[in-house]
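So you can see what is in the structure, the chains are spelled out below.
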Amino acid sequence: MAEATIIDGKATAALLRAKIGRRAAALRASEGIVPGLATVLVGDDPASRVYVRNKVRQADETGLHGVTQALDETTTEAELVARVREFNDDPEIHGILVQLPLPDHIDADVVIDTIDPDKDVDGFHAINAGRLMIGRPGFVPCTPVGCMMLIDSVLDDLTGANAVVVGRSNIVGKPMAQLLLARHCTVTVAHSRTRDLAEMCRRADILVAAVGRPKMIEDGWIKPGAVVIDVGINRIAAEEEGKTRLVGDVDFEAARQVAGAITPVPGGVGPMTIACLLRNTLEAACRQNGVAVPGENAAA
Ligand SMILES: NC(=O)c1ccc[n+]([C@@H]2O[C@H](COP(=O)([O-])OP(=O)(O)OC[C@H]3O[C@@H](n4cnc5c(N)ncnc54)[C@H](OP(=O)(O)O)[C@@H]3O)[C@@H](O)[C@H]2O)c1
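Residues numbered from 1 in each chain as written. Predicted model: local features only at pLDDT ≥ 70, side-chain atom pairs only at ≥ 80, totals over all residues. Heavy atoms only, no water.

Trainee: It is not clear to me how the overall build of the protein should be interpreted in this structure. Could you clarify?
Mentor: Of regular secondary structure, the protein possesses 11 helices and 11 strands. A compact globule built from 300 residues should have a C-alpha radius of gyration of about 19 Å, and the protein, at 20 Å, falls within 12% of that. When the backbone C-alpha atoms are referred to their principal axes, the protein occupies close to 55 × 50 × 40 Å. Across the 300 residues of the protein, 48% fall into the buried class. Carbon and sulfur atoms form 50% of the exposed surface of the protein, whose accessible area is close to 14,400 Å². Considering the protein, the positive charge centre built from 31 side chains and the negative charge centre built from 40 side chains are found 3 Å apart. (Helix = DSSP H or I, 4+ residues; strand = E, 2+ residues; numbered from the N terminus. Rg over C-alpha atoms; globule rule 2.2 N^0.38 Å. Buried < 20%, exposed > 50% of the residue type's maximum accessible area, 1.4 Å probe, protein only. Areas by Shrake-Rupley, 256 points an atom, 1.4 Å probe, with all protein chains shown as cover. Lys, Arg positive; Asp, Glu negative; His and termini not counted. Charge placed at Lys NZ, Arg CZ, Asp CG, Glu CD.)

Trainee: Would you mind going over the packing of helix 2 (residues 46-61) against helix 10 (residues 269-288) with me for this structure?
Mentor: The angle between the axes and the distance between the axes are what describe a pair of packed helices. Close contact between helix 2 and helix 10 brings their axes to 10 Å; oriented N to C, the two are set at 55°. Judged on the interaxial angle alone, helix 10 and helix 2 are oblique. Crossing of helix 2 against helix 10: the hand is right-handed. Every residue of helix 10 that contacts helix 2 at Asn54, Lys55, Gln58 and Ala59 is listed here: Ile274, Leu277 and Leu278. Residues of the contact of helix 2 with helix 10, tallied by class, amount to 4 nonpolar, 2 polar and 1 charged. (Axes fitted to C-alpha atoms, helices over the stretch in contact; angles between N-to-C directions. Parallel < 35°, antiparallel > 145°, perpendicular 65-115°, else oblique. Left-handed = near helix turned anticlockwise from the far one by under 90°. Contact = heavy atoms within 4.5 Å. Nonpolar A, V, L, I, M, F, W, Y, C, P; charged D, E, K, R; others polar.)

Trainee: Just to check I follow, could you spell out the sheet that holds strand 6 (residues 186-190) for this structure?
Mentor: By way of backbone hydrogen bonds, the strands of a sheet pair with one another, either parallel or antiparallel. Read from one edge to the other, the open sheet built from 6 strands follows the order 1-11-8-7-5-6, with strand pairing classed as parallel. What marks the edges here is a single partner per strand, and that holds for strand 1 (5-6) and strand 6. Bridge count between strand 5 (residues 162-166) and strand 6: 5 bridges; the pairing is parallel. If you follow Ala163 over to strand 6, its bridge partner there is Val187. (Pairing = 2+ DSSP bridges.)

Trainee: Would you mind going over the nonpolar core with me for this structure?
Mentor: The nonpolar side chains of soluble globular proteins are, as a tendency, buried together. Counting 49 residues, the largest nonpolar core has Ile151, Met176, Leu180, Ile206, Val208, Ile229 and Val231 as the members making the most contacts within it. Of all the secondary structure elements, the ones that give two or more residues to this core are helix 1 (9-31), helix 6 (142-152), strand 5, helix 7 (173-182), strand 7 (206-209), strand 8 (227-230) and helix 10. Looking at this core element by element, the count peaks at 11 residues for helix 10. Excluding residues within four positions of it along the chain, Ile206 makes contact with Ile151, Leu155, Leu158, Ala161, Asn162, Ala163, Val164, Leu180, Cys185 and Val227. Of all hydrophobic cores here, the second largest spans 23 residues; its members include Ala198, Met200, Leu207 and Ala226. (Core = buried A, V, L, I, M, F, W, Y, C linked by side-chain atoms within 4.5 Å.)

Trainee: Looking at this structure, how should I read the pairing of strand 7?
Mentor: As a general feature of sheets, a regular strand has side chains that alternate between the two faces. Because side chains alternate across strand 7, one face comprises the buried residues Ile206 and Val208, and the other comprises Leu207 and Ala209, equally buried. As paired strands, strand 5 and strand 7 are joined by 4 bridges and run parallel to one another. Counted as the bridge partner of Val165 is Val208 from strand 7. Across 4 bridges, the pairing between strand 7 and strand 8 is parallel. Of the residues in strand 8, the one forming a bridge with Leu207 is Val228.

Rendered as structure tokens:
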């Protein structure tokens, strides 16, 4: 059997950012609106700092307006909630993102509940989770939206496909399952208590891994020709002493011999997440101003 198509998330994300940039330029020209994204960072977790920096940099490069609010580790829940409320009331901010994880003394649910659902570009607010569940328009978490775009880049029709999502987190697994269901897949959500996970995975025409366990999914778990989307980001020791490298939840080199199409790690799902955040922010700005998202023609 031929090797799998490698789904290039980096290139797809670059195309998406370019499209958002053209639409943002059209919005600015026609309405004088610049979509504003506020990212709030509490404490100095090094990984979170990098994520926030990348989000704001890519927002600015795409013609959006990125604002970072860096708060001290000792910030109280009440102070953070008050800052989020200020962004809720700021007409130049259309999207608000609070970088997780938060320090232990802050309840993330309380903070997310404070974000105006119409500015919740991460799609984590219970109202947006509910909207997704019942098929109403709202904001959908960025990583699963990016996964759907990558699936669409290799599959014409998802109707009736068996989809297996491994992982049931609120930010990836559950919304991913909802999106696949909305596209008429037959969806199974697997997790740490699932019996005979390998057998479950082997039934999947579309297999999405969002677990956080390096190379857990082996080639023998994959149906020949399946589309495999690897959300996992795991840092492991590299062959060279003292170095590390990133791997997914799927054993990529083995799986590519069996799958029909597969995302690599890095360079697969990861780059799509920020691009989808920018897309949500553009959409938020349009909705809050009661204007349609400019089409490609409007940018010409
Ligand atoms: N590419 C991106 O932009 C992006 C974005 C978000 C996350 N990620 C990565 O995606 C991975 C998952 O993230 P997450 O936030 O969804 O993680 P999470 O909240 O830790 O959820 C992990 C899920 O995997 C399940 N699981 C754990 N061990 C398992 C096993 N042995 N067999 C089957 N299922 C198992 C857990 O089941 P239980 O519910 O039973 O505990 C849970 O539902 C991580 O590597 C994360 O870094 C990447």
